[in-house]
Amino acid sequence: MRKLYLRSDFLEMIEPWLWGRELWFGQGSPRPLKSNSAEEFRSLVSNLKLNDPFPFFLSIECFSSPLALTENDPGRLRISWDFLLDLDAEDFDAARRAAYKAKQVLEKFNVENYLLKFSGRRGFHLIIPSLSLDIFQPGESRLAYPKLAVMLAKFFEAVICEPEVKIDLSVYKPRQLMRAPYSYHEKTGLLSIPVDDPLDFRMEEAKPENAEIQQFYARSRPGECRKLLEAVREWFKSQDRNEPGLKILSYGKVKEGSKKGYGWIERLLEKPVDDGRHRLLWLVIAPYLVNVKGFPIDEAIRQAYNYLLKCSEIRPIREDLRKLAEYYVNYAARTGLKPVSLQTLKTRNEYSELWKILKPILFISG
């Protein structure tokens, strides 16, 4: 499997999944691990002291600093999260029916951007990207985890109505992992491959010798799951169930989104800085241009590049500025990352250095 994880087509496929996620390669592998690019991932896998074959896992959440997880509360480092519906059953036909019904649920609520893959054993993983679930004000999406994820899972369980299928709620605990796309399953020898129609899928397709690696990530639209989340809220109300996450969906946030709360980023774009440029581009500027203002990729790259040029005039940035802008803008577009909120930058320890840079620039007191 090491050879598979080092293949150029696998590296191209996995790169959009890497940034901000905790990585793990099964028993005997250190944890946490991280990699920000395909090249870093290649080096990491090459140097792993593990016997082949071995699996590969990714965190469901994205973190500002994955390597700091052992010393910090994961909630403080969380910047976004995907929804994972883990469908498993002893009867594989039941699992296939459940996966098909889950797809039908999403289609009913006009959710087009999601991923479905075989688990590698007897089930399926359905993944909804974070941006599609973000109906909240700046910085509040990360606070909806795990309550909102648990509510979604229970809603799917009721609507799918397959008693033989188990939906694993334990995956919504902090720092839980999902099997990465095309990961080897150590118990079956099969790969966790993408699936189009689960009713037609056969396990033989997941044998390593039969699998062809293809691109596997979901584009997303901000708030694409709004109608689905409204249905979840109403269903829980009709059941008279006092779920912890119900308040999240009931305190007025299920409304058309606004760009309020982002004025400070507009001010930042007018004021170049001499430090923290990479992190600001990753966590603030690229997500803002793509996923808040909704600029086309080319225009977002142009604006990010122009900002880096202004920053480099103050203190030179040694890397290729256009490549930097392209990388972070494309990453924001692929992952649906939203900008870190000003309150988060101000109050959380892991952003203290960035806050020191921003505070005088934005003329903020306190």
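Everything below is about the structure shown above.
Residues numbered from 1 in each chain as written. Predicted model: local features only at pLDDT ≥ 70, side-chain atom pairs only at ≥ 80, totals over all residues. Heavy atoms only, no water.

Colleague: What's the story with the overall build of the protein chain in this structure? I'm lost.
Modeller: Of regular secondary structure, the protein chain possesses 15 helices and 9 strands. Against the compact-globule benchmark of 21 Å for 366 residues, the protein chain has a radius of gyration of 21 Å, which places it among compact chains. Pairs at least 24 residues apart make up 73% of the contacts formed inside the protein chain by residues separated by at least 6 positions. For the protein chain, the computed accessible surface area is about 16500 Å², with 47% contributed by carbon and sulfur atoms. (Helix = DSSP H or I, 4+ residues; strand = E, 2+ residues; numbered from the N terminus. Rg over C-alpha atoms; globule rule 2.2 N^0.38 Å. Contact = heavy atoms within 4.5 Å. Areas by Shrake-Rupley, 256 points an atom, 1.4 Å probe, with all protein chains shown as cover.)

Colleague: For this particular structure, what's the right way to read the side chain of Glu-61?
Modeller: Within the element layout of this structure, Glu-61 appears in strand β3 (residues 61-63). A distance of 2.8 Å separates the side chain of Glu-61 from the backbone nitrogen of Arg-175, its partner in a polar contact. (Polar contact = N/O pair within 3.5 Å; in protein donor to acceptor, adjacent residues only side chain to side chain.)

Colleague: What should I look at first to understand helix α15 (residues 352-362) in this one?
Modeller: Owing to its 3.6 residues per turn, the α-helix brings residues three or four apart onto one side. Regarding α15, the residues found buried are Leu-354, Trp-355, Ile-357, Leu-358 and Leu-362. When α15 is viewed along its axis, its buried side chains cluster within an angular range of 165° and face the same direction. Opposite the buried face of α15, by more than 90 degrees, sit the exposed residues Glu-353, Lys-356 and Pro-360. Buried residues along α15 sit in contact with α10 (263-269), α11 (277-291) and α14 (342-347). (Buried < 20%, exposed > 50% of the residue type's maximum accessible area, 1.4 Å probe, protein only. Arc of directions from axis to C-beta.)

Colleague: Whenever I open this one, the packing of helix α12 (residues 297-314) against helix α13 (residues 321-335) confuses me. Can you help?
Modeller: Packed helix pairs are specified by the crossing angle of their axes together with the interaxial distance, meaning the distance between the axes. The contact between α12 and α13 brings their axes to 8 Å, and the two run at 135°. As judged from the angle between their axes, α12 and α13 are oblique. The chirality of how α12 crosses α13 is right-handed. Along the contact surface, α12 presents Ile-297, Ala-300, Ile-301, Ala-304, Tyr-305, Leu-308, Leu-309 and Ser-312, while α13 presents Leu-321, Arg-322, Leu-324, Ala-325, Glu-326, Val-329, Asn-330 and Ala-333. Considered class by class, the residues forming the contact of α12 with α13 number 12 nonpolar, 2 polar and 2 charged. (Axes fitted to C-alpha atoms, helices over the stretch in contact; angles between N-to-C directions. Parallel < 35°, antiparallel > 145°, perpendicular 65-115°, else oblique. Left-handed = near helix turned anticlockwise from the far one by under 90°. Nonpolar A, V, L, I, M, F, W, Y, C, P; charged D, E, K, R; others polar.)

Colleague: Hey, could you run me through the pattern of salt bridges in this one?
Modeller: Oppositely charged side chains can form a pair if their charged atoms are brought close together. On inspection of all chains with the given rule, the structure shows 19 salt bridges. With a closest N to O distance of 2.6 Å, Glu-22 and Arg-175 form a salt bridge. Taken together, the residues Glu-22 in the loop between α2 (8-18) and β1 (23-24) and Arg-175 in the loop between β8 (166-167) and β9 (177-179) connect sequence positions 153 residues apart. In this pair, the class of Glu-22 matches that of Arg-175, namely buried. The partner of Arg-96 in a salt bridge is Asp-93, and the shortest N-O contact between them spans 2.4 Å. With Arg-96 and Asp-93 both in helix α5 (residues 92-108), this residue pair falls 3 residues apart, about one helical turn. Accessibility expressed as a relative area gives 12% for Arg-96, which makes it buried. Members of the salt-bridge network, linked through shared partners, are Glu-22, Arg-31 and Arg-175. (Salt bridge = Lys/Arg side-chain N within 4 Å of Asp/Glu carboxyl O.)

Colleague: How should the packing of aromatic side chains be read in this particular structure?
Modeller: To describe a pair of aromatic rings, you give the distance between the ring centres and the angle between the ring planes. Following the criterion strictly, the structure yields 29 aromatic pairs and no others. Centroid distance Phe-83 to Phe-156: 6.0 Å. Interplanar angle 20°. Geometry classified as stacked. Separated by 73 residues along the polypeptide, Phe-83 in strand β5 (residues 83-88) and Phe-156 in helix α7 (residues 147-160) bring together distant segments of the chain. Note on Phe-83: relative accessible area 0%, which makes it buried. (Phe/Tyr/Trp six-rings, centres within 6.5 Å; stacked < 30°, edge-to-face > 60°.)

Colleague: Got a minute to help me understand a negative patch on the surface in this structure?
Modeller: On the surface, a cluster of negative charge is contributed by Asp-197, Asp-200, Glu-204 and Glu-205. The partly exposed category is assigned to Asp-197, whose relative accessible area is 31%. (Patch = residues over 30% accessible without salt bridge, like charges linked within 9 Å, V, L, I, M, F, W, Y side chains within 5 Å. Lys, Arg positive; Asp, Glu negative; His and termini not counted. Charge placed at Lys NZ, Arg CZ, Asp CG, Glu CD.)

Colleague: Explain the sheet that holds β5 here, please?
Modeller: As a general point, the strands of a sheet are linked pairwise by backbone hydrogen bonds and lie either parallel or antiparallel. Pairing within the open sheet is antiparallel, and its 4 strands lie in the order β6-β7-β5-β8. Looking at the sheet topology across the chains shown, the edges are occupied by β6 (115-118) and β8. Bridging between β5 and strand β7 (residues 124-128) involves 5 bridges; their strand directions are antiparallel. Across the sheet, Asp-86 pairs through a bridge with His-125, a residue of β7. Most of the contacts of α7 go to β5, to which it runs at about 40°, and overall it touches β5 and β8. (Pairing = 2+ DSSP bridges.)

Colleague: When you look at the sheet that holds β9 in this model, what are you seeing that I'm missing?
Modeller: The 3 strands are arranged β1-β2-β9 in an open sheet whose pairing can be described as antiparallel. Edge positions in the sheet fall to β1 and β9, since each has one partner strand and no second. Looking at chain direction, β1 and strand β2 (residues 57-59) are connected through 2 bridges and run antiparallel. Bridge pairing links Trp-24 to Phe-57 in β2.

Colleague: Any chance you could explain the pairing of β7 here in plain terms?
Modeller: The side chains of a regular strand alternate between the sheet's two faces. Counting buried residues along β7, 5 of its 5 residues qualify, which places the element largely inside the surrounding structure. The side-chain alternation of β7 yields two buried faces, one formed by Phe-124, Leu-126 and Ile-128 and the other by His-125 and Ile-127. As judged from the 4 bridges shared by β6 and β7, these two strands associate in the antiparallel manner. Bridge pairing in β7 places Leu-116 opposite Leu-126.

Colleague: Got a minute to help me understand the nonpolar core in this structure?
Modeller: As a rule of thumb, soluble globular proteins bury nonpolar side chains together. If you look at the biggest cluster of nonpolar residues, it comprises 84 residues, and the most contacted ones within it are Phe-25, Phe-41, Phe-56, Phe-83 and Leu-85. Discounting residues that sit within four places of it in the chain, Leu-85 has contacts with Ala-102, Phe-124, His-125, Leu-126, Ala-153, Phe-156, Ile-160, Ile-167 and Tyr-172. In this structure, Trp-264, Val-290, Leu-337 and Leu-362 belong to the second largest nonpolar core, which totals 45 residues. (Core = buried A, V, L, I, M, F, W, Y, C linked by side-chain atoms within 4.5 Å.)

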